[in-house]
Amino acid sequence: MNVILIAVISLGVIALVSAIVLYVASKKFAVYEDPRIAKVAAVLPQANCGGCGYPGCSGFADACVKAGSLEGKLCPVGGQAVMTQVAEILGLDAAASEPMVAVVRCNGTCANRPRINQYDGAKSCAIMSSLYGGETGCSYGCLGCGDCVSACQFGAIRMNPETGLPEVDEAKCTACGACAKACPRNIIEIRPQGKKSRRVYVQCVNKDKGAVARKACTAACIGCGKCVKVCPFEAITLENNLAYIDYNKCKSCRKCEEACPQGAIVALNFPPRKPKSEEAAQGEAPKAAEVKAAEVAADAKK
């Protein structure tokens, strides 16, 4: 009986000492966390998509609190509304941010880019890209396996069965960038959504020389440079046989779209162009009115 009692007392003393040691250690080595981090994390969407550039929503909340400024920080899922709430919690100013959207820079449809071989393997763009150039003559364009669709947590991308290309639903896209990271060909780019969802961009990433690119895809950029010459804002650069439009400089004048012989430049969500004959008639009407007004003025002086 005494042995059992001694054992129980010994275990109780050990437990008590261990509890005291753990309590002291927790207080001495405690890591202080600003309570505002939890408040900021609570208003974030908890999508943990990484589109903000930080490891999840908790990492973004920690960065916002520690930085002391929201400049250059944006939650792509929550958008401006969430950043306004974060600013109110931290007592900071929320800089207005331009809405962004994912853009597919490839127009290599089944009609524009005929298949020259057949891939028989795992349905994955990453695997196909590591094995060979793809089923068509273009080694830069979309592979069509839908890795971007699988990566999107918001159902904003789907594969069009007719064209074989991914399509972005602007209403669902949060510009988190997951699709762009998943694409091994880097054909998906995050660009400003633009006023009235209008934007101009080169829908091609082929860097081959003109004849080679055109043979692989009838809608490929051939690096002719005509778009560069007609752009009045110097928004287009030509590098490695490929034109690129800088959205920070582009004023959506659409002159490049008209000058491109390949139709590789896309002006999205713009109203249809008026026929040239109608434009000419509208341009001549003001001139005729000016001439008539001048004649009337001359007669009045006489």
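Residues numbered from 1 in each chain as written. Predicted model: local features only at pLDDT ≥ 70, side-chain atom pairs only at ≥ 80, totals over all residues. Heavy atoms only, no water.

(A) Focus on the packing of helix α2 (residues 35-43) against helix α4 (residues 79-90). Remark: α2 packs on α4, axes separated minimally by 9 Å, with the N-to-C direction vectors making an angle of 160°. With respect to α4, the element α2 is oriented roughly antiparallel. When you trace α2 past α4, the crossing you get is right-handed. Along its contact with α2, which presents R36, K39, V40 and V43, the element α4 presents V82, Q85, V86, I89 and L90. Tallied by class, the residues present in the contact of α2 with α4 amount to six nonpolar, one polar and two charged. (Axes fitted to C-alpha atoms, helices over the stretch in contact; angles between N-to-C directions. Helix = DSSP H or I, 4+ residues; strand = E, 2+ residues; numbered from the N terminus. Parallel < 35°, antiparallel > 145°, perpendicular 65-115°, else oblique. Left-handed = near helix turned anticlockwise from the far one by under 90°. Contact = heavy atoms within 4.5 Å. Nonpolar A, V, L, I, M, F, W, Y, C, P; charged D, E, K, R; others polar.)

(B) Geometry of the side chain of R191. By secondary structure assignment, the location of R191 is in strand β4 (residues 188-192). In this structure R191 comes out as buried when scored by relative accessible area, which is 2%. There is a polar contact of 3.3 Å between the side chain of R191 and the side chain of E189. A distance of 3.4 Å separates polar atoms of two side chains, one belonging to R191 and the other to Y244. (Buried < 20%, exposed > 50% of the residue type's maximum accessible area, 1.4 Å probe, protein only. Polar contact = N/O pair within 3.5 Å; in protein donor to acceptor, adjacent residues only side chain to side chain.)

(C) Local environment of a nonpolar patch on the surface. A cluster of nonpolar side chains, namely L5, I9, V13, V17 and V21, defines an oily patch on the protein surface of about 450 Å² accessible area. Checked against the element boundaries, V17 lands in helix α1 (residues 2-28). (Patch = residues over 30% accessible without salt bridge, like charges linked within 9 Å, V, L, I, M, F, W, Y side chains within 5 Å. Areas by Shrake-Rupley, 256 points an atom, 1.4 Å probe, with all protein chains shown as cover. Salt bridge = Lys/Arg side-chain N within 4 Å of Asp/Glu carboxyl O.)

(D) Region of the structure containing the nonpolar core. V200, V202, C221, I236, I245, C256 and I265 are the most contacted members of the largest nonpolar core, which has 21 residues in total. Elements that contribute at least two residues to this core include exactly β5 (199-202), β7 (242-245) and β8 (265-268). Here this core takes three residues from β7, the largest share from any one element. For I265, the contacting residues outside a window of four places in its chain are V200, Y201, V202, C227, I245, C256, E257 and C260. (Core = buried A, V, L, I, M, F, W, Y, C linked by side-chain atoms within 4.5 Å.)

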